[in-house]
Amino acid sequence: MKNGLKRYSKNPAIYLPVLFVIGRVILFLSLPLEGIRGYGDLWNFYNQSQLGVPFLDYWTEFPPLFPFLSYFVSFVTEGKQHSFDYLLAGLFTAAQAGTLYFFVKLNKLAHEESEQKARNLLYFSLLLPLFYGWGYFDPLAVFFMIAAIYALTKGKDLSAGFMIILGTLTKWFPLMVIPVIWKKKPWKRALVITIFIVGIMALVWGSLFVFNFEMTQASFTAQLKKGSWETLWALIDGNLSTGNFVPEIDRQRPQTALLSSGNSPKVSPWITLLAFAGFGFWLYLKIKLQDTRQLISFVGLTFIIFFLWSPGYSPQWLLYLLPMIFLSLPTSEAGLFGLVLVLINLLEWPVLLSRGFFWSLYLIVPLRILVMALLGFSFYRSVHD
């Protein structure tokens, strides 16, 4: 038994996820149910799960994997909200434990042993208490994304493609890994993987359109219609709000998906997309990926370009950046960026916006943009090291 414990103690890919789950369980046992619900979206997930079968009985702004998971969780818990909340929070915690597992594996591939412990500890310490990890379903997409990156580094192309599919059916962000595939693989192999990903995605979405065209169309386009929020573009548009939909929406009526949550854009996101995509493609042509650390830096840089372009931003999206920061940047720099971004995002939500201080977006958004621009430069520099 001693030998077994000693072996596991030397394997952070095992003991860190276990410690993470234990820490979260202690945290959940220490908090009242309202504390677990807190400022997250568990209430929204529960309310949607009570409307029936997603994409058939109602439209949702999310890709299909999580709404169907919510429907299943609601069925298992017999519609009891407290059980629903605990089970979802537990599933998100399990997903983050899985992310930690692949984080440690990637850390081992990217860095010398002398650096690995500090990086593991920094990521673990910031992730454990951060309520974004159980109040939103982004941990599921982050898990699939990190698993896909690890599979790519090990040459498991089919597994990587499958993880990207699952991640993109959860949230669109794991598509950010596809440019890495084209950079790392021969173009014929990259084309095959991309066709596999797009083909399965088209099959899933196509099936939903067949079963209920109107609800699926509303679900597919809802995010595009609701207006800008919490970005520079939102400040220009005069939209001082979060990314929540307006109260007038009725998810059982597909036409309400067209209701905007704010003012129309003064600068078309399609025009800015050309500029940011062009800049990203220029960087893509310049960059050469020679090792795991550079590959991860490139994914991080892709996220930064997307976040700076995006008409909307939600603070829980920080979860996609944190592993890239701690896996690619110098340790002290990673710790500084990680801590500053966590504090800025928490200050945004829940500290200020939950209390109605929407004027603070004029301060928070420029500060976040500045830090992200510096982070993007650091990712770029990391790729070229």
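Note that the structure is predicted; figures quoted are calculated from it, not measured.

Chemist: I tried to follow the packing of helix H15 (residues 269-286) against helix H16 (residues 292-309) on my own but got confused; where do I start?
Modeler: It is the contact of H15 with H16, at a shortest axis distance of 9 Å, that shows an interaxial angle of 160°. Relative to H16, H15 is oriented roughly antiparallel. For the element pair H15 and H16, the recorded crossing hand is right-handed. Residues Pro-269, Thr-272, Leu-273, Phe-276, Phe-279, Gly-280, Leu-283 and Tyr-284 of H15 touch H16, and the partners they reach there are Phe-298, Leu-301, Ile-305, Leu-308 and Trp-309. Split into classes, the residues belonging to the contact of H15 with H16 amount to eleven nonpolar, two polar and no charged.

Chemist: Help me out: how do you make sense of empty space enclosed by the protein in this one?
Modeler: All told, the structure shown has two cavities of 30 Å³ or more when counted by the stated rule. Approximately 50 Å³ is the volume attributed to the largest cavity. Along the walls of the largest cavity sit Gln-96, Thr-99, Tyr-123, Leu-127, Pro-139, Val-142 and Leu-319, which together make up its complete lining. Contributing elements (two or more residues each) for the lining of the largest cavity: helix H6 (81-110), helix H7 (113-127) and helix H9 (138-153). For the lining of the largest cavity, the class distribution of residues is five nonpolar, two polar and no charged. Residue lining of the second largest cavity: Phe-45, Gln-48, Tyr-58, Thr-60, Phe-62, Phe-66, Pro-67 and Ser-70, and that is the complete set.

Chemist: Explain the layout of surface pockets to me, please; I cannot follow it from the model alone.
Modeler: If a probe the size of a water molecule is rolled over the atoms, the empty space left behind becomes visible. Taken as a whole, the second largest pocket holds about 450 Å³ of empty space. In terms of lining, the second largest pocket is formed by 17 residues, of which the most central are Lys-10, Asn-11, Pro-12, Gln-116 and Asn-120. For the lining of the second largest pocket, the elements supplying multiple residues, two or more each, are helix H2 (12-30), H6 and H7. No other element matches the five residues that H7 contributes to the lining of the second largest pocket.

Chemist: Quick question: what am I supposed to make of H9 here?
Modeler: Turn by turn, an α-helix covers 3.6 residues, leaving residues three or four places apart pointing in a common direction. Helix length check: H9, at 16 residues, gives a terminal C-alpha distance of 23 Å against a target of 22 Å (1.5 Å per residue), a fit within 8%. Within H9, 15 of the 16 residues are buried, which leaves the element mostly enclosed by the surrounding structure. Following H9 by one or two positions, Gly-155 has its phi on the positive side, about 75°.

Parameters at a glance
Residues numbered from 1 in each chain as written. Predicted model: local features only at pLDDT ≥ 70, side-chain atom pairs only at ≥ 80, totals over all residues. Heavy atoms only, no water. Axes fitted to C-alpha atoms, helices over the stretch in contact; angles between N-to-C directions. Helix = DSSP H or I, 4+ residues; strand = E, 2+ residues; numbered from the N terminus. Parallel < 35°, antiparallel > 145°, perpendicular 65-115°, else oblique. Left-handed = near helix turned anticlockwise from the far one by under 90°. Contact = heavy atoms within 4.5 Å. Nonpolar A, V, L, I, M, F, W, Y, C, P; charged D, E, K, R; others polar. 1 Å grid on protein atoms, 1.4 Å probe; cavity = no way out; pocket = protein on both sides within 12 Å on 5 of 7 lines; lining within 4 Å. Points joined across faces, edges and corners; volume = space filled by probe spheres on them. Expected span 1.5 Å × (residues − 1). Buried < 20%, exposed > 50% of the residue type's maximum accessible area, 1.4 Å probe, protein only.

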